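Below, each chain spelled out in residue letters.
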Amino acid sequence: MMEEIIKFLGLENNVGQNAVMLDKSLFRLLESKKPECTVYAIDGGSATIIDGATWCISKLKVGVVSYKNGKRLSEKVEGFMLGISKNKNKLSSKLQPHIEGFRLESGKSSMEDLENASRSILEWLKLRQLVLQANKGDIILRDGAFSSDDAYEKSLINGVIELCKQKGIHLVGICKTSRASTPGGRPLIGMLNEFSSKEFHDKKWIYDEGGTAIAKLHEKSDFCFRIESSHVNLLPNALSHICYYSTDPEFIGYPYPLLKADKIARVRDFEKNNDNRKAKMLAKSLGNQFMEFDERATLVHDMLDKRAYR
């Protein structure tokens, strides 16, 4: 059964395909340099707290950390609640507490899309605040790319990048996943990992082909990442500073400030359970019994999953 799937995908013929054809001149070796500037990292998290089928309540968080001379300067996380209602296939939403500049374009196809879009917009709004307070030469790390299908978010992203250029602040996006492919059909990341394991063993490097930058930030890491930047010409130097913060054994080769931002922004199961209970108790105190009844419209899969792992 699995053999037929592998043949369908063509994987049996892809071993090493095109890896030897990569141009070594497109690689540049990196060295770790201790940065004198402040390095910031920002990340967001979200989770549905209670799903009533035609409405839901989600928790959104944005975490920001800063480091200088290898030591943490600050750590801050902000939390938000997002209510989403669906009536006659039209979605509406409300964010609390309100943040200046937050708005959502209409036309999202699902409540999940609206939750994800809200989290991303909050991240970019917080990024703009961070750029305004940062100093020239500072580096800001973001989890993810600088792109969006949403017109408002696109304008927000372009504004943040332009502000970074004006202030001389280097915004670097590190993408944990990438579906970029080669003409032969293999993932570019996979080919680069294979090629570099032979040609640049135990080396840190950046590969840049036509604006597609991919980097390995620690010589012992098994991973490389697609990189986006507000200052493409200065990216190799910035990555040398980021390499300095990519030595933590918890996830070697991934910048620790981003790992820390992810941890504080992640919505944990205990938070979801606590907020779920609070929402139901508050609804009851307001004389509304509907929440726990509506929630049963979506609970069965979750209950079966939990019972399966007892």
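Refer to the preceding data block for the structure.
These figures come from a predicted structure and were not determined experimentally.

Asker: Sorry, what's going on with the overall build of the chain here?
Answerer: Helices and strands together make up the secondary structure of the chain, namely nine helices and 10 strands. Counting all 310 residues of the chain, 45% fall into the buried class. Nonlocal contacts in the chain, meaning residues at least 24 apart in sequence, comprise 67% of its contacts between residues at least 6 apart. Surface summary for the chain: the accessible area is close to 17400 Å², and the carbon and sulfur share equals 50%. Side-chain charges in the chain split into 47 positive and 41 negative, and the spacing between the mean points of these groups amounts to 5 Å.

Asker: Is there a simple way to explain helix α7 (residues 269–285) in this structure?
Answerer: The end-to-end C-alpha distance of α7 is 24 Å, a good match for the 24 Å that 17 residues give at a rise of 1.5 Å each. Listing the buried residues of α7 in full gives Glu271, Asp275, Asn276, Ala279 and Ala283. Along the axis of α7, the buried positions cluster into a sector of 135°, meaning they face one direction only. What points out from α7, more than 90 degrees from its buried face, is the exposed set Asp269, Phe270, Lys278, Met281 and Ser285. In the core, the buried residues of α7 are packed alongside β2 (39–51), β3 (55–68), β4 (71–87) and α8 (290–295). Count one or two residues on from α7 and you reach glycine 287, which has phi positive near 85°.

Asker: Quick question: what am I supposed to make of the environment of glycine 137 here?
Answerer: Within the secondary structure, glycine 137 is located in the loop between α2 (111–133) and β6 (139–143). Look at glycine 137 and you get partly exposed, because its relative accessible area is 37%. A sequence separation of 27 residues divides glycine 137 from cysteine 164, and the C-alpha atoms of the two residues are 9.9 Å apart. Not counting chain neighbours up to four residues away, the residues in contact with glycine 137 comprise Cys37 and Gly168.

Asker: What's the story with the pattern of salt bridges in this structure? I'm lost.
Answerer: Any two side chains of opposite charge can pair, so long as their charged atoms come close to each other. Tallied over the full model, the rule gives 19 salt bridges. The partner of glutamate 78 in a salt bridge is lysine 126, and the shortest N-O contact between them spans 2.6 Å. With glutamate 78 in strand β4 and lysine 126 in helix α2, this residue pair connects regions lying 48 residues apart in the sequence. Under the relative-accessibility criterion, lysine 126 is labelled buried at 10%. Here aspartate 262 makes a salt bridge to arginine 266, at a shortest N to O gap of 2.8 Å. Arginine 266 gets classed as partly exposed once you look at its relative accessible area, which sits at 40%. Each of the salt bridges in this network shares a partner with another, and the network as a whole consists of Lys59, Lys61, Glu271 and Asp275.

Asker: Even after reading the chapter, I still don't get the state of the cysteines, so can you show me in this structure?
Answerer: In protein chemistry, a disulfide is the covalent bond that joins the sulfur atoms of two cysteines. Counted under the stated rule, the structure contains zero disulfides. Here cysteine 224 stays free of any disulfide, with the sulfur of cysteine 175 as its closest cysteine sulfur at 12 Å. Of all cysteine sulfurs in the structure, the one in cysteine 224 sits closest to cysteine 243, which takes part in no disulfide; the separation is 13 Å. Residue classification places cysteine 243 among the buried positions, given a relative accessible area of 1%.

Asker: Sorry if this is basic, but what is going on with the sheet that holds strand β10 (residues 225–229) here?
Answerer: The strands making up a sheet are joined through hydrogen bonds of the backbone, oriented either antiparallel or parallel. Reading across from one edge, β1-β8-β9-β10-β7-β6-β2-β3-β4-β5 is the order of the 10 strands in this open sheet, with mixed pairing throughout. Looking at the sheet topology across the chains shown, the edges are occupied by β1 (27–30) and β5 (90–96). Geometrically, the sheet is characterised by an average inter-axis angle of 25° between neighbouring strands, direction not taken into account. Pairing of β2 with β6 involves four bridges; the strand directions are parallel.

Rules of the game
Residues numbered from 1 in each chain as written. Predicted model: local features only at pLDDT ≥ 70, side-chain atom pairs only at ≥ 80, totals over all residues. Heavy atoms only, no water. Helix = DSSP H or I, 4+ residues; strand = E, 2+ residues; numbered from the N terminus. Buried < 20%, exposed > 50% of the residue type's maximum accessible area, 1.4 Å probe, protein only. Contact = heavy atoms within 4.5 Å. Areas by Shrake-Rupley, 256 points an atom, 1.4 Å probe, with all protein chains shown as cover. Lys, Arg positive; Asp, Glu negative; His and termini not counted. Charge placed at Lys NZ, Arg CZ, Asp CG, Glu CD. Expected span 1.5 Å × (residues − 1). Arc of directions from axis to C-beta. Salt bridge = Lys/Arg side-chain N within 4 Å of Asp/Glu carboxyl O. Disulfide = S-S within 2.5 Å. Pairing = 2+ DSSP bridges. Axes fitted to C-alpha atoms, helices over the stretch in contact; angles between N-to-C directions.

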